[in-house]
Amino acid sequence: MIIVLRQGTTQKEIDQLTDVLISQGGITVNPVIGTDITILGLIGDTTHVDATRVESFHCVERIMHVAEPYKKANRMFHPQDTVVNIGGAAVGGSRLAVMAGPCSVESSEQIKTVARAVKQSGAAILRGGAFKPRTSPYAFQGLRYEGLELLKEAREATGLPIVTELMSPSDIDRFVEDVDCIQVGARNMQNFDLLRQLGKINKPVLLKRGLSATIEEWLMSAEYILSGGNEQVILCERGIRTFETYTRNTVDIGAVPVVKRLSHLPVIVDPSHGTGKRWMVSPMARAAVAVGADGVMIEVHNDPQHALCDGQQSITPEQFDEVMADIRVIAAAVGREV
Ligand code: PEP
Ligand code: MN
């Protein structure tokens, strides 16, 4: 961190500011006094430096951050890729992780039918919402605890590990017990209480990017979980809000190489929520694999026309089988397997 001081700052002011900075711990302060400009270079762990407090000093012109505010998520301090194990399925290794299943768990038959089909086509992880974050309180909210039980039955029937969304911190213990990976939905990406709680558990967390979150905000949310001690975090790009209205969201495909450069965490792409259109799932899944994503999450329904949620973006098991064939070609071209 570099602190640029106002012209005319006195030595007394520099000393006062330096004392405050040093009292925050973990850093040394190197002043560089020029004829026109004086700067203070902060060396060490600046995580605990309260930038707002520093800026409140009259002598401070501005602050420049030279290192990213996330530390545990930062590739600089952890050069090798992290591989997260979801109930035996690796996310982040040479094999792409394909998560597939319905938007919502609707019935025992539905989830088992879809689970068997996606497994047959090569999916490694079953997705399915039991608790649904719906825009309208009148829309289907998910089967809740019954949905969790049905997911467990589908896991039992197929051997596929399960990922499902947690909405309330009060359900964490139940989720830790029941599921293989806990999903934090886009709408909860900055639910910091939830993130802190997830930092204390020993269970993979799939952290979706918030609807209007910058990459740095997304990585800072991951930092909440990692800094609590849970290092099993997978990032999921699921499209962001832009001025474009043709698609449900705009898949920020460029976020994949950016995140791969900035962080060691695995990153997957959800082309279903990213586009909101079933015919765009295959092209965007292929694009995701081409730019280096570690996997994809795809909504698959045995009867999309009657789906209780997100039927317009859900593909059938037959279409999913084709998508798998499509991404296999791209995976081979970029040196990955599916
Ligand atoms: C989902 O995956 O079911 C979901 C609700 O996604 P998102 O949080 O990305 O909208
Ligand atoms: Mn959905």
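Residues numbered from 1 in each chain as written. Chains lettered and ligands numbered in written order. Predicted model: local features only at pLDDT ≥ 70, side-chain atom pairs only at ≥ 80, totals over all residues. Heavy atoms only, no water.

Chemist: Help me out: how do you make sense of the coordination of the manganese ion (ligand 2) in this one?
Modeler: For a metal with four tetrahedral donors the ideal donor-metal-donor angle is 109.5 degrees, while six octahedral donors give ideal angles of 90 or 180 degrees. On the protein side, the manganese ion (ligand 2) has C103 (SG), H273 (NE2), E299 (OE) and D310 (OD) as donor atoms, found 2.0 to 2.4 Å from it. Expressed as a motif, the donor residue spacing for the manganese ion (ligand 2) is C-x169-H-x25-E-x10-D. Here C103, found in the loop between β7 (97-101) and α3 (108-121), pairs with H273, found in helix α9 (residues 271-275); they are 170 residues apart in sequence, far enough to count as distant. Summarising the burial analysis for this pair, C103 and H273 share the class buried. (Donors = N, O, S within 2.8 Å, 3.2 Å for Na, K, Ca; no water. Helix = DSSP H or I, 4+ residues; strand = E, 2+ residues; numbered from the N terminus. Buried < 20%, exposed > 50% of the residue type's maximum accessible area, 1.4 Å probe, protein only.)

Chemist: I would appreciate a short explanation of the environment of G122 in the present structure.
Modeler: Tracing the backbone shows G122 in the loop between α3 and β8 (125-127). A residue is classified by how much of its surface remains accessible, and G122, at 32% relative accessible area, is partly exposed. With 35 residues separating them in the primary sequence, G122 and A157 have C-alpha atoms 16 Å apart. The contact partners of G122, leaving out residues within four places of it in the chain, are M324 and R328. (Contact = heavy atoms within 4.5 Å.)

Chemist: Please clarify how the domain arrangement of the protein chain should be interpreted in this entry.
Modeler: For interface size, the figure often reported is the accessible area lost on association. Segmenting the protein chain into domains produces domain 1 (2-64) and domain 2 (84-333). Centre-to-centre separation of domain 1 and domain 2, based on C-alpha positions: 44 Å. (Domains from an automatic or database assignment.)

Chemist: Quick question: what am I supposed to make of the site of ligand 1 here?
Modeler: Near ligand 1 you find R127, K132, P133, E165, Q183, G185, A186, R187, K208, R238 and H273, and these make up its full shell. R187 places a polar side-chain atom, nitrogen or oxygen, 2.8 Å from an oxygen atom of ligand 1. K208 is positioned such that a nitrogen or oxygen atom in its side chain is 2.9 Å from an oxygen atom of ligand 1. In the complex, 96% of the free accessible area of ligand 1, which totals 290 Å², lies under the protein chains. (Near = heavy atom within 4 Å. Polar contact = N/O pair within 3.5 Å; in protein donor to acceptor, adjacent residues only side chain to side chain. Areas by Shrake-Rupley, 256 points an atom, 1.4 Å probe, with all protein chains shown as cover.)

Chemist: Is there a simple way to explain the packing of helix α10 (residues 281-290) against helix α11 (residues 317-333) in this structure?
Modeler: Describing two packed helices takes the angle between their axes plus the distance from one axis to the other. Viewed as axis vectors pointing N to C, α10 and α11 meet at an angle of 25°, and their least axial separation amounts to 9 Å. Here α10 is positioned roughly parallel relative to α11, judged by the angle of their axes. As α10 runs across α11, the sense of the crossing is right-handed. Where α10 abuts α11, its residues S282, A285, R286, V289 and A290 lie against V323, D326, I327, I330 and A331. Residue composition of the contact of α10 with α11, grouped by class: seven nonpolar, one polar and two charged. (Axes fitted to C-alpha atoms, helices over the stretch in contact; angles between N-to-C directions. Parallel < 35°, antiparallel > 145°, perpendicular 65-115°, else oblique. Left-handed = near helix turned anticlockwise from the far one by under 90°. Nonpolar A, V, L, I, M, F, W, Y, C, P; charged D, E, K, R; others polar.)

Chemist: Can you help me understand the packing of aromatic side chains in this one?
Modeler: What characterises a pair of aromatic rings is the spacing of the ring centres plus the angle enclosed by the ring planes. Scanning all chains against the criterion turns up three aromatic pairs. Here the aromatic rings of F131 and Y145 are separated by 5.1 Å at their centres, their planes lie at 80°, and the arrangement is edge-to-face. Taken together, the positions of F131 in the loop between β8 and α4 (145-158) and Y145 in helix α4 put the pair 14 residues apart, joining distant regions of the chain. Since its relative accessible area comes to 4%, F131 is described here as buried. With a centroid separation of 5.8 Å and an interplanar angle of 45°, the aromatic rings of F131 and F175 are classed as tilted. Of this pair, F131 sits in the loop between β8 and α4 while F175 is found in helix α5 (residues 172-178), placing the two residues 44 residues apart along the sequence. The same class applies to F131 and to F175, which are both buried. (Phe/Tyr/Trp six-rings, centres within 6.5 Å; stacked < 30°, edge-to-face > 60°.)

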